[in-house]
Amino acid sequence: MNRTNVLSRKLIYLVVLLAMVVPLYMLGQPSGGSGDTGGQLTEMRDKFNIAESDLGEISPASETMKLASLGLRGVAATLLWNKAHHYKVLHEWDRLKATLNNIALLQPHFDKVWEHQAHNLAYNVSTEFDDYRQRYEMVREGTEFLSKGVRQNRNAPRLVWYTGWFYGNKMGMSDEKTQFRKLFSEDEVLHESLMQQGIAVDSPEARGPYFKPDNWLVGRLWLMHGYDIVDSGVKIRRQTPLNFFETGPKWRIKHAESIEEEGVLDDRAQNAWQLASEGWREFGERSVPTTAPFTIKLGQLDELVRLKSLRMEEFKKIVGDAASGLNNNSDFMGLAKRADPKFRLQAIELAGEIVDLEERRNKTDGYRKQINYPYWDTLSLAEQEERTVTARRLIYEAEKANEAAELDKAIELYEQAFAIWAEIYDDYPILTIDDSAEDLMQSVRRYSVAIDSEELPENFPLNAFVEMMAGGREVSSEVYEDIRVTQKEKAEERKKELEAEERERERKAAEEMKAAEEKKKAAEEMKAAEEKKAAEEKKKEEMKAAEEKKEATPDGESKVEESKVDEPEVKEETKVEEEPEVEQETEVERE
């Protein structure tokens, strides 16, 4: 009886299992192609683009690993993450690397796996080597691991951003940045790999001043690729949109700073800063999602203030006397509801616009302060000026001369540079909080040593700057606020000055061109007059010569010729005349 019951239960279990397999097969049936859409789960994967082929490249090793886990992939991944943390605490980087690789096979669409492993290779494993070349190889392996993650996760903008951030931050800001940047520019194997992934390292957008790929610019291309993914409709996860979008434009600024540190202090640096300024302004015109139900543009704060001021004026005209004493905290909607019934609807609409503009202004101002938007805007604007590049070049040459113990030359270069920096800080006071301000203060100290005097001259151009930076203290928040408030007016004044200088240069150029044309025209007229005068004088001389010749012909040569011709005739006449006289004499004598 018992055996019969056991057998019956087993048969029931088998039937139930078979009954469950059928709907599972129907639901999970894969697509067979040629119009066969497969089961419902397959259709849903295709509908929401979450199939393996939609997410990225299909890894056979990863699929095999998933099957080998026999449905316990979550349990296996949890155990591996625990082991990875254990190895990280013990600093067993090789075992951590192997563990994270296994996790990547089990969870290829989990962004954190790729980020952890890349960070482990570039920041942890690389430090175990003494030779910077070996450290660079580990950093490169970390970036290539991220690239592999990007290929398997096409719709993961965070991974793309992290890849671009790695190329800029790790290679351009580490202690070995000089060596890393050089090795990257000459790494043809990596360049070829990047080309295959669609990163145009051979384009002008990626090449530095020596026409080789630059790590900052290549990182920016990765970031721009991430921006394209987001613009196509993919959402940003695990990162604020503000931080996501600011990095690309900032990488251009970092590129310009890097080449200046390496001694590129000519029109190439100036051009790099111009491109950086353009990129930052474009970032200011990008619509950035916020925590509020609207987007903002960081570069349109002034426009929001202007629009609010206009709406306020219109609102005051409609409300009348009730609008006296209005400020940002006033109850605009309450005033609008108490307005004249004829204009109440218009007043309510204006009140709504004013409230909305104030919310947008507050949000825009807050986001600008989060990333210090005005500072980077002013920095890129100031650095692209020729005088700023000249000032940096003079400091660079002065430091070189100081190292070579050429004190007279160093002092002269220092003084020229300090005079220019004083003008720059007067026009852009916000630059006094820049990192380069501390470097400039160090140059001032070396200048003090070179002139063998602890006290600077009274007419020293940077006395105010030195006083503010005295003792190596950082600029206080109060000083920064004062600078930030006045910076806008100073920048506008400087902009007007530059425009006036440009107009003055154009005017002088036009005057010089006009003067040159007039001079040329006068020269041509003078030459023509001289030629005309010479022709007239020549003609007069010819006429005079002709007259002299004409006068000389009847009186001179003709008379001579006549005399020569007439002489024999006279002789003949005399002979003829004499003969009859002789004859007459003879006849008389005869008579």
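Refer to the structure presented above.
Each chain has its residues counted from 1, following the order in which its sequence is written. It should be noted that, the model being predicted, local features are given only for residues of pLDDT at least 70 and side-chain atom pairs only at 80 or more, the latter also being counted only at that level, while totals for whole chains, interfaces and linings use all residues. Excluding hydrogens and water, the side-chain values take into account all heavy atoms of the structure.

Trainee: What should I look at first to understand the nonpolar core in this one?
Mentor: A general feature of soluble globular proteins is that nonpolar side chains tend to end up buried together. Grouping buried Ala, Val, Leu, Ile, Met, Phe, Trp, Tyr and Cys residues that are joined through side-chain atoms within 4.5 Å yields what is termed a nonpolar core. Relative accessibility thresholds used throughout: buried, under 20% of the residue-type maximum; exposed, over 50%; partly exposed, between the two (1.4 Å probe, protein chains only). Leu194, Val218, Phe418, Trp421, Leu462 and Phe465 are the most contacted members of the largest nonpolar core, which totals 101 residues. In terms of residue count, helix H20 (residues 407–427) provides more of this core than any other element does, 11 residues in total. Setting aside anything within four residues of it in sequence, one finds leucine 194 in contact with Tyr167, Phe184, Ile199, Val201, Val218 and Trp222. For the purposes of this entry, the term helix denotes a DSSP run of H or I that reaches at least four residues, the term strand denotes a run of E that reaches at least two, and both are numbered from the N terminus. Residue contacts follow a heavy-atom distance rule, with two residues in contact if any of their heavy atoms lie within 4.5 Å.

Trainee: Would you mind showing me how to read the side chain of threonine 378 here?
Mentor: Relative to the helices and strands, threonine 378 is located in helix H18 (residues 373–383). Pairs of N or O atoms within 3.5 Å make up the polar contacts considered here, provided that, within protein, one atom can donate a hydrogen while the other can accept it, and that residues adjacent in sequence are counted only when both atoms are side-chain atoms. A distance of 2.8 Å separates a polar side-chain atom of threonine 378 from the backbone oxygen of proline 374.

Trainee: Mind showing me how you'd approach helix H19 (residues 386–403) here?
Mentor: Along an α-helix, a turn takes 3.6 residues, which lines up residues three or four apart on a common side. Here a helix's expected span is defined as the number of its residues, less one, multiplied by 1.5 Å. If you check H19, its first and last C-alpha atoms are 26 Å apart, about what 18 residues at 1.5 Å a residue would give, namely 26 Å. Buried within H19 are the following residues: Arg387, Thr388, Val389, Ala391, Arg392, Leu394, Ile395, Ala398, Glu399 and Ala401. Backbone geometry just downstream of H19 places alanine 405 in the positive-phi region, at approximately 65°.

Trainee: Is there a simple way to think about the packing of aromatic side chains in this case?
Mentor: Here a ring pair, both rings aromatic, is described through the centre-centre distance and the interplanar angle of the planes. Think of it this way: a Phe, Tyr or Trp ring, Trp meaning its six-membered ring, pairs with another when their centres are within 6.5 Å, and the plane angle makes it stacked under 30 degrees, edge-to-face over 60, tilted otherwise. Within the structure shown, the criterion is met by 25 aromatic pairs. Ring centres of tryptophan 81 and phenylalanine 110 lie 6.1 Å apart, and the angle between their planes is 70°; on these two criteria the pair is classed as edge-to-face. On the criterion of sequence distance, the pair formed by tryptophan 81 in helix H5 (residues 73–89) and phenylalanine 110 in the loop between helix H6 (93–106) and helix H7 (111–125) is long-range, its members being 29 residues apart. A residue is classified by how much of its surface remains accessible, and tryptophan 81, at 22% relative accessible area, is partly exposed. Given a relative accessible area of 37%, phenylalanine 110 falls into the partly exposed group. Measuring from centroid to centroid gives 5.2 Å for phenylalanine 244 and phenylalanine 245, while their planes differ by 85°, and the two rings are edge-to-face.

Trainee: Which parts of the structure should I look at to understand the packing of H7 against helix H8 (residues 132–152)?
Mentor: Their axes nearest at 7 Å, the elements H7 and H8 cross at an angle of 170°. For the element pair H7 / H8, the angle class is roughly antiparallel. Each of Val113, Trp114, Glu115, Gln117, Ala118, Leu121, Ala122 and Val125 in H7 lies in contact with H8, whose residues at this interface are Met138, Val139, Glu141, Gly142, Phe145, Leu146, Lys148, Gly149 and Gln152. The nonpolar class holds Ala, Val, Leu, Ile, Met, Phe, Trp, Tyr, Cys and Pro. Asp, Glu, Lys and Arg form the charged class, and all remaining residues, Gly among them, are polar. Taken together, the residues of the contact of H7 with H8 break down into 10 nonpolar, 4 polar and 3 charged. Helix axes are fitted to C-alpha atoms over the stretch in contact, other axes to C-alpha atoms as well, and angles between N-to-C directions run from 0 to 180 degrees. Note that the term roughly parallel is reserved for angles under 35 degrees, roughly antiparallel for angles over 145, roughly perpendicular for angles of 65 to 115, and oblique for everything else.

Trainee: I tried to follow a nonpolar patch on the surface on my own but got confused; where do I start?
Mentor: The patches reported here contain residues having more than 30% relative accessible area and no salt bridge. Joining distances are 9 Å for like charges and 5 Å for nonpolar side chains (Val, Leu, Ile, Met, Phe, Trp, Tyr). Using a 1.4 Å probe, accessible areas were evaluated by the Shrake-Rupley method; residue-level cover was limited to the displayed protein chains. The rule for a salt bridge is simple: a side-chain nitrogen of Lys or Arg has to be within 4 Å of a carboxyl oxygen of Asp or Glu. Together, Ile12, Tyr13, Val16, Leu17, Met20 and Leu24 give the surface a local cluster of nonpolar side chains, amounting to about 630 Å² of exposed area. Within the element layout of this structure, methionine 20 appears in helix H1 (residues 2–28). With a relative accessible area of 47%, methionine 20 lands in the partly exposed category.

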